[in-house]
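Coordinates in review
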Amino acid sequence: MNTPTRLELLGHWIAGAAVADTDRLAPVTNPATGEITRQVAMASKATVEAAIGAAQAAFPAWRATAPQRRARVLFAFKALLEKNADRIVEAITGEHGKVLDDALGELQRGIEVVEYACGAPQLLKGEHSRNVGPEIDSWSEMRPLGVVAGITPFNFPAMVPMWMFPIAIAAGNTFVLKPSEKDPSCALILAELLKEAGLPDGVFNVVNGDKEAVDTLLTDARVQAVSFVGSTPIAEYVYRTATAHGKRVQALGGAKNHAVVMPDADLDSAVNAIMGAAYGSCGERCMAISVVVAVGGDVADALIGKLAAKVRALKIGSGFDRSSEMGPLVTRAHRDAVKAHIDSAEKEGAKLVVDGRGLKVEGHADGFFLGGTLLDQVRPDMAAYKAEIFGPVLQVVRATTLEEAVALIEANEYGNGVCIFTRDGGTARAFSDAISIGMVGINVPLPVPAAYHSFGGWKRSLFGDLSIYGADGFRFYTRRKTLTQRWPEQPLANAEFSFPSH
Ligand code: NAD
């Protein structure tokens, strides 16, 4: 491995300035080359407490700022995101490994949440009722919570933080973000651009780090709410710990997303849709399709034939190479873990239709590459079926009826996304009614809700009551205050001892 001697040090962003504690450092790698390109500071408890303190200090003035003025900062931020798109996208590809166009797509989905958050003056209006009693009017207001925290995964270093903080700050909260230590550059760029957009210091802070930083955010009494996105075991830990410390929590976890292909489906369309959804971003998406449930033996054989040809033809290389369709996995450890799942599926009797384990990418011997892999004859009792995997591995399970496909999906612990390919409206409707999954696609492989809807799975894919962004986002980052007032023409003549009713 070629390690440069002087590495850039990525620190934190607290009260509008870059700071770093250097006691503990972690390497940041370029997944396409395996090179260590930077080091990132792992925040101590004291550093995280300083970030929370900065957010707490900025809260009174930010809460008192008119929603329209807060929205104006976000309008300017959106323009800066667009102006700096190349820089952001290169930071994502350089640390995550995904291809440039995919990185641009994630940035765009993040920008869409910023656009939605610009509607804060309208979205925070509350409700008013005149004459709820004699000369009595009543209204509800959506008040910000205070300091809120976001903890995010490696796989969308721009989009997932932007599922959270634009809405949180538009609603008048102040924010501490703990991004993934695997690709920390993007969050620091976002912080700089927010400052350039006119955001007051302390409203948005970034702490890089690991469990020590996360645990401080989960237990500090000044943090009012925590949004988490990551794997299910950590989501559950975050939910239990932060709720035990009195915080509001939404913790989004992992997934195992199935695509059901019915005998009447347009197979060529389904295959193209499934290819992008299974192998795009090297399968490192929480909405990636990782299982195809082929209903009927003929469908399975035809589908596998078409898929196999396309998987073998995948163009795999550096994310910076414009001809690449798929880049490397994020780290060597993750690449090896995904490989181990393929070994285990093979041992348990799955049929390896396409085996990506031997892939060599010319000029990138130390990159974390793995070829697209297609497994047939997968059964639900296999360890590789039960695991999320999070790599370029598509598993085919064969079912004889739609009911069998539904029962298989219902038995799975995850409930993030699912899709069905069919030409029959009745089948699609019955399927979407029967299934306990938060986001359902009908001939749409990645049914990620638009910014003005909300994103969230069911079962062990989400701990908490509210989904992320959209209307649920404003609900999550505000608490309701209801005021009831009377300005009587006449003084009250008597005391009333019965409970007031109208
Ligand atoms: P992860 O759970 O390992 O890490 C997520 C965050 O938690 C990171 O910031 C990390 O530093 C922190 N963390 C890790 N271990 C911790 C611990 N023991 N204690 C406290 N904090 C800890 O997830 P990841 O590997 O970065 O991301 C991939 C996972 O995220 C996949 O499971 C994927 O499905 C999931 N994901 C889910 C969604 C969704 O919307 N449901 C979206 C994107 C990713």
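Preceding block: the structure.
One structure accompanies this document, and this report is about it. (Residues numbered from 1 in each chain as written. Predicted model: local features only at pLDDT ≥ 70, side-chain atom pairs only at ≥ 80, totals over all residues. Heavy atoms only, no water.)

1. Looking at the sheet that holds strand β4 (residues 25–30)
- Pairing in this open sheet of 3 strands is mixed, and the strands run β1-β5-β4 from one edge to the other. In the strand order of this sheet, the two ends are held by β1 (8–10) and β4, each with one partner. Strand-to-strand twist of the sheet, defined as the mean angle between neighbouring strand axes without regard to direction, takes the value 40 degrees.
- Pairing between β1 and strand β5 (residues 35–41): 3 bridges, direction parallel. Within the sheet, the bridge partner assigned to E8 lies in β5 and is R38.
- Taken strand by strand, helix α3 (residues 85–96) contacts β1, β4 and β5, and its axis lies near 100 degrees from that of β4. (Pairing = 2+ DSSP bridges. Helix = DSSP H or I, 4+ residues; strand = E, 2+ residues; numbered from the N terminus. Axes fitted to C-alpha atoms, helices over the stretch in contact; angles between N-to-C directions. Contact = heavy atoms within 4.5 Å.)

2. Things to note about the pairing of strand β17 (residues 393–399)
- Burial runs high along β17: 6 of the 7 residues are buried.
- Note: strand β14 (residues 289–295) against β17, 5 bridges, orientation parallel. For V291, the partnering residue across the bridge sits in β17 and is Q395. (Buried < 20%, exposed > 50% of the residue type's maximum accessible area, 1.4 Å probe, protein only.)

3. Section: the site of the ligand
- Around the ligand, a shell composed of 26 residues is seen, among which K178, E181, S231, G253 and E388 lie nearest.
- S231 places a polar side-chain atom, nitrogen or oxygen, 2.6 Å from an oxygen atom of the ligand.
- In the model, a nitrogen atom of the ligand is placed 2.8 Å from a nitrogen or oxygen of the G253 main chain.
- When the ligand is considered free in solution it has 840 Å² of accessible area, and contact with the protein chains removes 87% of it.
- In this structure the site holding the ligand corresponds to the largest pocket.
- Every element with two or more residues in the shell around the ligand is listed here: α8 (211–219) and β11 (223–229).
- Its residues assigned to classes, the shell around the ligand shows 14 nonpolar, 8 polar and 4 charged.
- Summarising the domain contributions, the shell around the ligand has at least three residues from each of domain 1 (8–253 + 461–482) and domain 2 (257–442). (Near = heavy atom within 4 Å. Polar contact = N/O pair within 3.5 Å; in protein donor to acceptor, adjacent residues only side chain to side chain. Areas by Shrake-Rupley, 256 points an atom, 1.4 Å probe, with all protein chains shown as cover. 1 Å grid on protein atoms, 1.4 Å probe; cavity = no way out; pocket = protein on both sides within 12 Å on 5 of 7 lines; lining within 4 Å. Sits in = over half its atoms within 2 Å of the grid points. Nonpolar A, V, L, I, M, F, W, Y, C, P; charged D, E, K, R; others polar. Domains from an automatic or database assignment.)

4. Re helix α6 (residues 159–170)
- Counted at 1.5 Å a residue, the expected span for α6 with its 12 residues is 16 Å, and the 17 Å between its end C-alpha atoms agrees.
- By the criterion of burial, α6 is predominantly enclosed, with 12 of the 12 residues buried.
- For α6, the complete set of buried residues consists of M159, V160, P161, M162, W163, M164, F165, P166, I167, A168, I169 and A170.
- Positive backbone phi, approximately 100 degrees, marks G172, located one or two places after α6. (Expected span 1.5 Å × (residues − 1).)

5. Some points on empty space enclosed by the protein
- For the structure on display, the rule yields 3 cavities of 30 Å³ or more.
- Considering only enclosed or pocket space, the largest cavity measures out at about 100 Å³ in volume.
- For the lining of the largest cavity, the secondary-structure elements that each account for two or more residues are β14 and β17.
- Among the residues forming the lining of the largest cavity, the class breakdown is 8 nonpolar, 5 polar and 3 charged.
- The calculated volume of the second largest cavity comes to roughly 60 Å³.
- Ranked by the residues each element gives to the lining of the second largest cavity, the list is headed by helix α7 (residues 185–196), at 3 residues.
- A class-by-class count of the residues in the lining of the second largest cavity yields 7 nonpolar, 2 polar and 2 charged. (Points joined across faces, edges and corners; volume = space filled by probe spheres on them.)

6. What about the packing of α3 against α7?
- Relative orientation of the contacting elements α3 and α7 amounts to 160 degrees, with a least axis distance of 9 Å. The orientation of α3 relative to α7 falls into the category roughly antiparallel. Once α3 is placed against α7, the crossing between them reads as right-handed. Seen from α3, the contacting residues are R87, I88, A91, I92 and E95; seen from α7, they are S185, C186, I189, E192 and L193.
- Per-class residue counts for the contact of α3 with α7 are 6 nonpolar, 1 polar and 3 charged. (Parallel < 35°, antiparallel > 145°, perpendicular 65-115°, else oblique. Left-handed = near helix turned anticlockwise from the far one by under 90°.)

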